[in-house]
Amino acid sequence: MRSADWRAIAREEIRFFGDVSAAISHEINNRMAVINEKAGLLTDLSVMMAQGREIDVDRFEVQSKKIVDQVRLAKETIRNLNRFAHSVDVEHTRIEAAELIEFVVALYARKAATAEATLCLFESPESVTISSNPFFLEILIGRSIDIALSHVDEARTVTIGVAAAKEGITVKLRGLAGLTEPIEYPEEHQEVPALLECLGARYRSEPEGAALLLEIPDKERMSQGRTA
Amino acid sequence: MKVLLVDDEEELVTALAERLSFRGIDADWSTSGNEALKLARAHTYDVAVLDIKMPNISGIDLKKRLEKMRPDMKYIFLTGHGSEEDFRAGSAEASQYLVKPLDIEVLIETMREVVEP
Amino acid sequence: MTEKVLLVDDEEEFVETLAERMRSRGMEVATSNSGGDALDLVDSEPYDVVVLDLQMPGMDGIEVLERIKKRKPDIQVVLLTGHATVEKGVEAMKHGALEFLEKPIDLSKLSEVIQKAKAEKMVLVEQDTEERIREILHGKSW
């Protein structure tokens with residue numbers, strides 16, 4: 001492979017890392033903002049109580065429980081961050097595709113909400129696995145969601161599923177409109193083609209432009225096929 | 001039940017100790033391995049709740065040293081995240097581990113299970 | 001005089017709690033969860049200050065700020081953001097924001113900004129009224 005391609009891939013890896021980290025930091029900060037207000041409210045209530053004002057004592061428990069709720073939400077985000085951080089631990093492994101997609105969808109929840117769209121998972125009847133680089137797959141699925149969000153139809157719901165294909169897997173993102181080939185990438189995602197090329201993957205759009213398909217070959221399966 | 005709490009985060013460990021005492025559980029706390037060893041030398045505890053990652057000593061190493069002193073004491077590990085290494089370390093030690101932030105009810109239940117199985 | 005404030009943020013727990021705390025401090029506070037809804041409210045009620053989150057789904061904070069200033073130039077707008085940068089701050093001021101604050105909020109700072117905004121507004125309204133009276137008195141002959 002040309003050295004320029006590896007540079008492009010590295011650039012895209014770092015950019016994706018930056019995007020996801022920024023989204024996570026934003027989400028955690030929002031939880032902190034709520035917790036901060038709730039703590040302030042508890043202080044306000046106790047000050048008012050000390051001043052002899054009539055305060056419903058139940059409010060302390062209710063508001064404290066809300067703090068615990070926010071902690072729970074933040075913990076979920078932190079778990080995602082930790083999983084994301086560890087997705088670069090191994091460069092090649094057998095991956096449960098639906099599970100990985102579910103993880104990326106969780107990472108993209110806030111981005112989708114900002115675009116006023118919802119991300120849904122389409123349940124696949126059986127387990128679909130692929131032998132690949134987990135971080136690369138996360139990037140491609142993430143960028144697929146980016147493309148989908150900029151082409152979502154009026155129902156504003158992107159449904160994502162995966163199916164086994166002859167030589168690998170096909171990830172399908174439905175609920176789109178006007179998507180045509182060649183697939184256009186936003187300016188910031190110009191390095192995605194290098195990653196596709198590295199994996200031997202490609203994008204296709206369905207004839208009416210209502211779905212985006214991401215086809216990824218399972219190189220292990222392919223090489224096993226050749227030796228068989 | 002008498003408990004020894006060890007975590008380098010003072011705000012956490014003091015809040016835990018206080019909340020346990022409100023619930024009728026006698027809890028001593030320390031923020032370092034050395035203090036923990038001193039306390040264990042001076043008092044008998046049913047269970048020690050140890051943070052896995054501390055600046056000067058790991059929870060697991062601290063457990064090894066405490067075991068020599070108090071062979072009957074039981075252990076629970078606290079971890080910041082359920083990462084692979086922590087799980088493996090915890091199960092290698094055949095100990096219970098809990099992920100922070102803690103749920104105090106879960107902590108108490110786990111302590112009871114470990115002390116009176 | 002009581003400050004009349006509109007708080008706009010898509011995070012329900014955040015905006016409701018902040019509103020309650022501001023009301024305990026004597027401010028009259030209305031809340032909204034979106035830019036579009038906020039603009040409708042601004043058209044129908046005389047707010048002194050609008051406190052607005054920069055990062056909301058749908059219309060972003062800068063767009064809402066611009067539209068408020070166009071329709072009701074007297075209303076002061078305070079922007080809230082999760083992460084304040086110099087560039088964002090400059091952009092906010094260029095579009096006419098009074099202040100630019102980072103979350104989690106320092107309520108005493110926000111209250112101070114709102115009180116100041118109200119005081120300045122009253123001065124402007126007074127000056128405006130004075131000028132109009134002067135024009136009437138020294139106006140063209142009847």
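## Describing the overall build of chain A
Then, number 1: When helices and strands are tallied, chain A shows 7 helices and 7 strands.
Then, number 2: A compact globule built from 228 residues would reach a C-alpha radius of gyration of about 17 Å, whereas chain A, at 22 Å, exceeds it by more than 25%.
Then, number 3: Referenced to the eigenvectors of the C-alpha coordinate spread, the extents of chain A come out at roughly 80 × 40 × 35 Å.
Then, number 4: Within chain A, the proportion of its 228 residues that are buried is 31%.

## Focus: the overall build of chain B
Then, number 1: The number of helices and strands found in chain B is 5 helices and 5 strands.
Then, number 2: The burial tally for chain B puts 29% of its 117 residues in the buried class.
Then, number 3: Considering only contacts in chain B between residues 6 or more positions apart, those separated by 24 or more positions represent 59%.

## Focus on the interface of chain A and chain C
Then, number 1: Every contact between the two is made by 16 residues of chain A and, on the other side, 15 residues of chain C.
Then, number 2: Secondary-structure elements contributing two or more residues to the side of chain A that touches chain C are helix H1 (3-50) and helix H4 (109-114) of chain A.
Then, number 3: A total of 12 residues in the side of chain A that touches chain C trace back to one element, the largest contributor, which is H1 of chain A.
Then, number 4: Classifying every residue of the side of chain A that touches chain C by side-chain character gives 5 nonpolar, 6 polar and 5 charged.

## Observations concerning the environment of Gln115 of chain C
Residue and element names in this part refer to chain C.
Then, number 1: Its location among the elements puts Gln115 in helix H5 (residues 107-137).
Then, number 2: A residue is classified by how many C-beta atoms lie within 10 Å of it, and Gln115, with 16 of them, is partly exposed.
Then, number 3: As for Gln115 and Val5, which are separated by 110 residues in sequence, their C-alpha atoms are 10 Å apart.

## Section: the domain arrangement of chain A
All names here are of chain A.
Then, number 1: Segmenting chain A into domains produces domain 1 (3-86) and domain 2 (93-227).
Then, number 2: The C-alpha centroid of domain 2 is placed 29 Å from the C-alpha centroid of domain 1.
Then, number 3: Broken down by element, the residue count for the side of domain 1 that touches domain 2 peaks at 12 residues, all from H1.
Then, number 4: In terms of residue class, the side of domain 1 that touches domain 2 is made up of 6 nonpolar, 2 polar and 7 charged.

## As for the sheet that holds strand E7 (residues 211-217) of chain A
Residues and elements named next belong to chain A.
Then, number 1: Overall, mixed pairing links the 5 strands, which are arranged E2-E4-E5-E7-E6 in an open sheet. Two strands close off the open sheet at either side, each with one partner strand: strand E2 (118-121) and strand E6 (202-205). Taking each pair of neighbouring strands and ignoring which way they run, the sheet shows an average axis angle of 20 degrees.
Then, number 2: Set on the sheet, helix H3 (residues 97-107) makes contact with E2, strand E4 (157-165) and strand E5 (168-174); between it and E4 the angle comes to about 160 degrees.

## With respect to the pairing of strand E1 (residues 4-8) of chain C
Residues and elements named next belong to chain C.
Then, number 1: Taken across its 5 residues, E1 has 4 buried, putting it largely inside the fold.
Then, number 2: In terms of strand pairing, E1 meets strand E2 (residues 28-32) through 5 bridges, oriented parallel. Considered in E2, the bridge of Leu6 is made with Ala30.
Then, number 3: With respect to chirality, the unit in which E1 leads through helix H1 (residues 12-24) into the neighbouring parallel E2 is right-handed.
Then, number 4: Pairing between E1 and strand E3 (residues 49-53): 4 bridges, direction parallel.

## Examining the environment of Gly80 of chain B
Residues and elements named next belong to chain B.
Then, number 1: Following the sequence through the fold, Gly80 ends up in the loop between strand E4 (74-79) and helix H4 (84-92).
Then, number 2: Using a count of 15 C-beta atoms within 10 Å as the deciding quantity, one classes Gly80 as partly exposed.
Then, number 3: Once the C-alpha coordinates of Gly80 and Leu98 are considered, the two residues, 18 residues apart in sequence, prove to be 8.7 Å apart.
Then, number 4: Ignoring anything within four residues of it in the chain, the contact list for Gly80 reads Lys53 and Lys100.

## Side note on helix H2 (residues 33-42) of chain B
Residue and element names in this part refer to chain B.
Then, number 1: Within H2, burial applies to Gly33, Ala36 and Ala40. Down the axis of H2, the buried set is contained in an arc of 60 degrees. They therefore lie on one face. With respect to the buried face of H2, the exposed residues turned more than 90 degrees away are Asn34, Lys38, Arg41 and Ala42.

## So, the arrangement of the chains
Then, number 1: Among the 2 pairs of chains in contact, the pair with the most contacts is chains A and C.
Then, number 2: Separated without contact, chain B and chain C have their nearest C-alpha atoms at a distance of 20 Å.

## Some details on the confidence of the model for chain B
Residue and element names in this part refer to chain B.
Then, number 1: With 89% of its residues at a pLDDT of 70 or more, chain B shows a mean pLDDT of 89.
Then, number 2: By mean pLDDT, H4 is the weakest element of chain B at 63, and strand E1 (residues 2-6) is the strongest at 98.
Then, number 3: For this predicted complex, the interface confidence reaches an ipTM of 0.80, while the overall pTM sits at 0.84.

## Things to note about the nonpolar core
Then, number 1: Residues Ala97, Ile101, Ala148 and Val158 of chain A are the most contacted members of the largest nonpolar core, which totals 44 residues.
Then, number 2: Put simply, the parts of the chain that give this core at least two residues each are H1, H3, helix H5 (134-149), E4, E5, helix H6 (192-199) and E7 of chain A.
Then, number 3: It is H5 of chain A that provides the largest number of residues to this core, a total of 9 residues.
Then, number 4: Aside from chain neighbours lying at most four places away, what touches Ala97 of chain A is Val128, Thr129, Ile130, Val162 and Ile169 of chain A.
Then, number 5: If you look at the next biggest cluster of nonpolar residues, it comprises 36 residues, including Leu18, Met22, Ile68 and Val78 of chain C.

## What about unusual backbone geometry?
Then, number 1: Residue Pro101 of chain B follows Lys100 of chain B across a cis peptide bond; omega there is 0 degrees.
Then, number 2: Structurally, the position occupied by Pro101 of chain B is in the loop between strand E5 (96-99) and helix H5 (104-115).
Then, number 3: Lys103 of chain C connects to Pro104 of chain C through a cis peptide bond whose omega is -5 degrees.
Then, number 4: Residue Glu116 of chain A is not a glycine yet carries a positive backbone phi of 55 degrees.
Then, number 5: Take Glu116 of chain A: it is sitting in the loop between H4 and E2.
Then, number 6: For Glu116 of chain A, a count of 13 C-beta atoms within 10 Å translates into the label partly exposed.
Then, number 7: Phi at Arg156 of chain A takes a positive value of approximately 55 degrees, unusual for a residue other than glycine.
Then, number 8: Its place among the elements puts Arg156 of chain A in the loop between H5 and E4.
Then, number 9: By C-beta crowding, Arg156 of chain A is classed as partly exposed, having 13 other C-beta atoms within 10 Å.

Rules used throughout
Per chain, the residues get numbers from 1 upward, laid out in the order the sequence is written. The lettering of chains begins at A and the numbering of ligands begins at 1, in the order of writing. Local features in a predicted model are, by the rule used here, given only for residues with pLDDT of at least 70; side-chain atom pairs are given and counted only at 80 or more, and totals for whole chains, interfaces and linings are based on all residues. The way it works is that DSSP assigns letters per residue, a run of H or I at least four long becomes a helix, a run of E at least two long becomes a strand, and they are numbered from the N terminus. Restricting the calculation to C-alpha atoms gives the radius of gyration, and the globule rule supplies 2.2 Å times the number of residues raised to the power 0.38. Backbone-placed C-beta atoms define the burial measure: a residue is buried with 20 or more other C-beta atoms within 10 Å of its own, exposed with 12 or fewer, and partly exposed in between. C-beta atoms are placed from the backbone for every residue, and two residues are taken to be in contact when these atoms lie within 7 Å. Note that Gly is not counted as nonpolar here; it falls among the polar residues with everything else outside the nonpolar set of Ala, Val, Leu, Ile, Met, Phe, Trp, Tyr, Cys and Pro and the charged set of Asp, Glu, Lys and Arg. These domain boundaries are the output of an automatic or database domain assignment. At least two bridges found by DSSP between two strands are what make those strands a pair. Only the contacting stretch of a helix is used when fitting its axis, a line to C-alpha atoms as for every element, and angles between N-to-C directions run 0 to 180 degrees. Orienting the strands away from the viewer, one traces the path from the first strand over the helix to the second; a clockwise path indicates a right-handed crossover. The directions from the helix axis to the C-beta atoms form the arc being described. For every residue, the predictor assigns a confidence score, pLDDT, that lies between 0 and 100. To count as a nonpolar core, a set of buried Ala, Val, Leu, Ile, Met, Phe, Trp, Tyr and Cys residues must be joined through C-beta atoms within 7 Å.

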